[in-house]
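Per-entry structural report
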Amino acid sequence: MNRSIDCHIHLSQRPDDMLRRYAESNGLRYALDEVLAEMRAHGVEHGLLLSPPMESGGILPNEETLDLCRKSGGVLSPVVTVEPTKEEVKAALELAEEHRKAVKGFKVRLGYVDAAVDSPVFGELYDYAEAEGLPVLFHTGDTATSDGSLVRSHPLVLDALANKREGLTIVICHFGNPWIDDAAELIYKHPKVYADTSGLTTGGGAYGRKLAEVLASKLSEAVYYAGGGEKILFGTDYPVTRHGDALELVEMMDVDDPDRERILWRNAKEVFGL
Ligand SMILES: [Zn+2]
C-alpha cells in the first residue's frame, strides 16, 4: 500500500447535498467517520476538504467545512470555496485570515457560478492568494449538472490568468477532463500550475473499465509531455469516486515509481505546505 494525500474531498451532514446521489451510487454513506476509515484503509494520511454544492443552488457554508476538519482530528484541512459576489469574496478572505493556520487554499467553481475566471469580482481573491502563497483550485472540465458552462470551465481559460499572475499557484481540478491534453500543456507551460486526478473514473457505464484504461493512458501521456510527474496531484472527489478506484487509476499509470510517489503525496506536501 502506497502512502498518499487526497487533495480533493467533499463532505457535509446535510440531506440536500447534491453529492449524496453520487455517494449512493458508489455504495457510500457519505459521513465523516466513513471517509476517515476509507482513508486509513487505503494509506491516505491527509486530505483537503472542499465545500459540496447544495440543492438550493449554493454551497455548504465554509464554516461547516472548517468544523468538519476540526472534528477530523487533524486528518482533514479546509479549502475555502469563493463564490462570485463582492460580499462572499470578502467573507471568504476574512475567514481565511481568521484561520490562517488551518486554511490551505481556495476553490472557485468555474462552469457552475455566474462568473468567468477573469471576472473582476475575483481580483481581491487572486491578490490575497498570491501574496499569501495559497493555491487556488479551479473546477474545470465536465460539469455535473447539464446547465453548467463548459466555455467557462474549459481548462484553457486558466492560461491568461497564469500569464498575468506568475506568482499565483493554480490547481486544475479533474485535470480538465475531458480536455486532459490541454491541462497537460498548461502544467508544462506554467511553473506554478498543477492538475489533480480527482473525480475522473466516474461514468463510463458498461465501459467503466475501458474508460479507466483510457484515462490512465492519457494521464501517463501528460507526465511524458511535461517531462515528469512534478505537477500532478492525487485526489478522489469523494464521494464522486471511491478511494480504492482513484488510487487504482494512479496505479494503472505507466510511469516510474518516483513519479508515482510525487503524484500520490510528495507534490501535495510541497504545494499545500502540509
Ligand atoms: Zn469536487
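Structure: above.
Residues numbered from 1 in each chain as written. Predicted model: local features only at pLDDT ≥ 70, side-chain atom pairs only at ≥ 80, totals over all residues.

Section: the overall build of the protein
Convention followed: Starting at the N terminus, helices and strands are each numbered in turn, a helix being any DSSP run of H or I of at least four residues and a strand any DSSP run of E of at least two. The globule rule used here is 2.2 Å times the number of residues to the 0.38 power, and the radius of gyration it is set against is calculated over C-alpha atoms. With C-beta atoms placed from the backbone, a contact is any residue pair whose C-beta atoms sit within 7 Å.
Tallying secondary structure elements over the protein gives 11 helices and 9 strands in all. Over its C-alpha atoms the protein spans a radius of gyration of 17 Å, differing by no more than 12% from the 19 Å that the globule rule assigns to 274 residues. Structurally, the protein occupies a C-alpha span of about 45 × 40 × 35 Å along its principal axes. Long-range pairs, those at least 24 residues apart, make up 76% of the contacts in the protein between residues at least 6 apart in sequence.

Some details on the sheet that holds strand 1 (residues 4-10)
Under the convention used in this document: The rule for pairing is simple: two strands pair if DSSP sees at least two bridges between them. To obtain each axis, a line is fitted to C-alpha atoms, and for helices this fit is confined to the stretch in contact; angles are then taken between N-to-C directions over 0 to 180 degrees.
The 3 strands are arranged 1-2-3 in an open sheet whose pairing can be described as parallel. Looking at strand neighbours, the two that pair on one side only are strand 1 and strand 3 (76-78), the edges of this open sheet. On average, each strand axis in the sheet is inclined to that of its neighbour by 25 degrees, with strand direction left out of account. With 5 bridges joining them, strand 1 and strand 2 (residues 44-50) adopt parallel strand pairing.

Comments concerning the environment of Ile170
Cut-off, in case you're wondering: As a rule, residues whose C-beta atom has 12 or fewer other C-beta atoms within 10 Å are exposed, those with 20 or more are buried, and those in between are partly exposed; C-beta atoms are placed from the backbone.
Note on placement: Ile170 falls in strand 7 (residues 170-172). A residue is classified by how many C-beta atoms lie within 10 Å of it, and Ile170, with 24 of them, is buried. When the C-alpha positions of Ile170 and Leu247 are compared, they lie 23 Å apart, and in sequence the two are 77 residues distant. Non-local contacts of Ile170, meaning those with residues more than four positions away in its chain, are made with Val136, Phe138, Leu158, Leu161, Ala162, Lys192 and Val193.

Looking at unusual backbone geometry
Residues Asn177 and Pro178 are joined by a peptide bond in cis, for which omega reads 10 degrees. Note on placement: Pro178 falls in the loop between strand 7 and helix 8 (180-189). Phi is positive for His174, which is not a glycine, with a value near 60 degrees. Position of His174 among the secondary structure elements: in the loop between strand 7 and helix 8. Here His174 falls in the buried class, since 27 other C-beta atoms lie within 10 Å of it. Unlike most non-glycine residues, Asp237 shows phi in positive territory, near 70 degrees. Mapping Asp237 onto the fold places it in the loop between strand 9 (232-233) and helix 10 (243-252).

A short note on the pairing of strand 2
The criterion, for reference: Look down the strands so they point away from you; if going from the first strand over the helix to the second traces a clockwise path, that crossover is right-handed.
Within strand 2, 6 of the 7 residues are buried, which leaves the element mostly enclosed by the surrounding structure. As paired elements, strand 2 and strand 3 share 3 bridges and run parallel to each other. Bridge pairing links Leu49 to Pro78 in strand 3. As for the winding sense of the linkage, the β-α-β connection from strand 2 through helix 3 (residues 62-71) to strand 3 is right-handed.

Points about the nonpolar core
In globular proteins that are soluble, nonpolar side chains generally tend to be buried together. Rules: Core membership is restricted to buried Ala, Val, Leu, Ile, Met, Phe, Trp, Tyr and Cys residues, and these are joined into a nonpolar core through C-beta atoms within 7 Å.
With 72 residues, the main nonpolar core has Leu49, Phe106, Val136, Phe138, Ile172, Ala183 and Tyr194 as its most contacted residues. If you tally residues by element for this core, the top one is helix 9 (residues 208-226), at 6 residues. Leaving out residues up to four positions away in the same chain, Phe106 has contacts with Val79, Val80, Val82, Ala92, Leu125, Ala129, Leu134, Val136 and Leu137.

Description of the sheet that holds strand 5 (residues 106-108)
Across the sheet, which stays open at both edges, the 6 strands sit in the order 4-5-6-7-8-9 with parallel pairing between neighbours. Each end of this open sheet is capped by a strand with a single partner; those strands are strand 4 (80-81) and strand 9. The strands that helix 7 (residues 157-164) touches are strand 6 (136-138), strand 7 and strand 8 (193-196); relative to strand 7, the one it contacts most, it runs at about 165 degrees.

What about helix 9?
To keep things clear, this is the line we draw: By this rule the span expected of a helix is its residue count minus one, scaled by 1.5 Å. Think of the arc as the fan of directions from the helix axis to the C-beta atoms.
Over its 19 residues, helix 9 extends 27 Å from the first C-alpha to the last, a length consistent with the 27 Å expected when each residue adds 1.5 Å. Taken together, the buried positions of helix 9 are occupied by Leu215, Ala216, Leu219, Ala222, Val223 and Ala226. Down the axis of helix 9, the sector holding all buried residues measures 115 degrees, keeping them to one side. Exposed side chains of helix 9 directed beyond 90 degrees from the buried face belong to Lys210 and Tyr224. Gly227 lies just past helix 9 and shows a positive phi near 80 degrees.

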